[in-house]
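Here is how the chains run, residue by residue.
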Amino acid sequence: MSYSNNVKGELSKTPLGSAEEMKSEIVALLRVNAILMIQGGHMRIQFSTENNPVARRIFLLIKTLYNYDAKISAVKRNQLRRKTIYKVLIDSEDVFVKLMEDGGYEPSFIISLTGEIPQKLINTNRKIRSYIRGCFLGAGSIANPEKMYHLEIVFDDESEAVRIKELMDSVDLFGKITKRKDQYIFYYKDSEMISDILSFMEAYQSVLKLEDIRAMKDLKNNINRVINCETANIDKTVAAAMKQKKAILKIGIENLPDNLKEVALIRLHHPDASLKSIGELMKPQQSRSGVNYKLKKIEKIAEELTKKSL
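Residues numbered from 1 in each chain as written. Predicted model: local features only at pLDDT ≥ 70, side-chain atom pairs only at ≥ 80, totals over all residues. Heavy atoms only, no water.

Caption draft 1: Quick peek at the pattern of salt bridges. Per the counting criterion, the structure on display carries 19 salt bridges. A salt bridge links Lys83 to Glu50, with the nearest nitrogen and oxygen atoms 3.1 Å apart. Placement of the pair is Lys83 in strand 4 (residues 83–90) and Glu50 in the loop between strand 2 (42–49) and helix 3 (52–66), with a sequence separation of 33 residues. Residue class for Lys83 comes out partly exposed when judged on its relative accessible area of 24%. Look at the salt bridges and you will find they share partners, linking Glu21, Glu25, Arg57, Arg126, Arg133 and Glu202 into a network. (Salt bridge = Lys/Arg side-chain N within 4 Å of Asp/Glu carboxyl O. Helix = DSSP H or I, 4+ residues; strand = E, 2+ residues; numbered from the N terminus. Buried < 20%, exposed > 50% of the residue type's maximum accessible area, 1.4 Å probe, protein only.)

Here it is, written out as structure tokens:
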């Protein structure tokens, strides 16, 4: 099962909360996921999801709030990919009216599930939490954090994407909006912000999983940085040693001042040695900076010889 499905599975098992909080969640699901249909001259509501726990969550919310057993059906959308769509149908006129009223709609004139979010659904932190959870369950997804950091909620209407952004901003969960074909995507790409929104929705096990992956990726990145740094330092050391050896051979040991001969001989016999190692081989021992100073003097002598030969 994907990480996104696991998150939705965890969220679908969170406690339902108070009746008012449940209304916030089911109305959010209604706005982002449901479609209105007319059957037999009566209005019907249908939710659709590929996630079985989400379908059960919708059924449970409706059962608890309205004492009504919605009809659930499973339809194979693609035999090759073995995808199943779960449909939750409300075909009770009484429940339809109650749900529309809870959503702030006028049942007799409802033509669209968009519009301003009624303040009664988002006037407390707990209700905002429930509303955001409903939006994510109905139209959200999250990428596998081992591959990338990306959480999104998809809307067909730009104004709805703007409304969820404003709601998220009100609880310091700042995201962005982009357009993808004919849809509007409210999204996050920052791992810390994704962790925060999962915590806000109460997907705590998913947060722990995300943090474990983040920690492992950070560790690997740090190891790679250290390796790259050490490799770069080795490359610099080798290049410097080659330059020093070339300078010594150009001048000739016998032509060097006495105070530079020892360091030159050690460099020739130990071409891979670090400055510190060369200093430890000298008698008396020399500091790294002392060795570096003498080798620089040799390079300078070689440069002067080159200039004279031109």
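Caption draft 2: Layout of the nonpolar core. Grouped together as the largest cluster of nonpolar side chains are 65 residues, with contacts concentrated most on Ile26, Phe47, Ile62, Ile132 and Leu198. With near-sequence residues (within four places) excluded, Ile26 lies in contact with Phe47, Ile58, Leu61, Ile62, Leu65, Tyr66 and Leu99. With 16 residues, the next largest nonpolar core counts Ile251, Leu275, Val291 and Ile298 among its residues. (Core = buried A, V, L, I, M, F, W, Y, C linked by side-chain atoms within 4.5 Å. Contact = heavy atoms within 4.5 Å.)

Caption draft 3: Local environment of the packing of aromatic side chains. All chains considered together, the criterion is met by one aromatic pair. Consider the rings of Phe186 and Tyr188, whose centres lie 5.2 Å apart with planes at 85 degrees: the pair is edge-to-face. Assessed through its relative accessible area of 0%, Phe186 is described here as buried. Classification of Tyr188 by relative accessible area gives buried; the value is 3%. Geometry around Tyr149 places Lys217 over its ring, the cationic atom sitting 4.2 Å from the centre. (Phe/Tyr/Trp six-rings, centres within 6.5 Å; stacked < 30°, edge-to-face > 60°. Lys NZ or Arg CZ within 6 Å of the ring centre and 35° of its normal.)

Caption draft 4: How the structure looks around helix 9 (residues 258–269). Taking 1.5 Å per residue, twelve residues should reach 16 Å; helix 9 reaches 18 Å between its end C-alpha atoms and fits that length. The set of residues buried in helix 9 consists of Leu260, Val263, Ala264, Ile266 and Arg267. All buried residues of helix 9 fall inside an arc of 165 degrees around its axis, so they share one side. Of the exposed residues in helix 9, the ones pointing more than 90 degrees away from its buried face are Asp258 and His269. In this structure, the buried residues of helix 9 make contact with helix 8 (204–251), helix 10 (275–281) and helix 11 (288–309). (Expected span 1.5 Å × (residues − 1). Arc of directions from axis to C-beta.)

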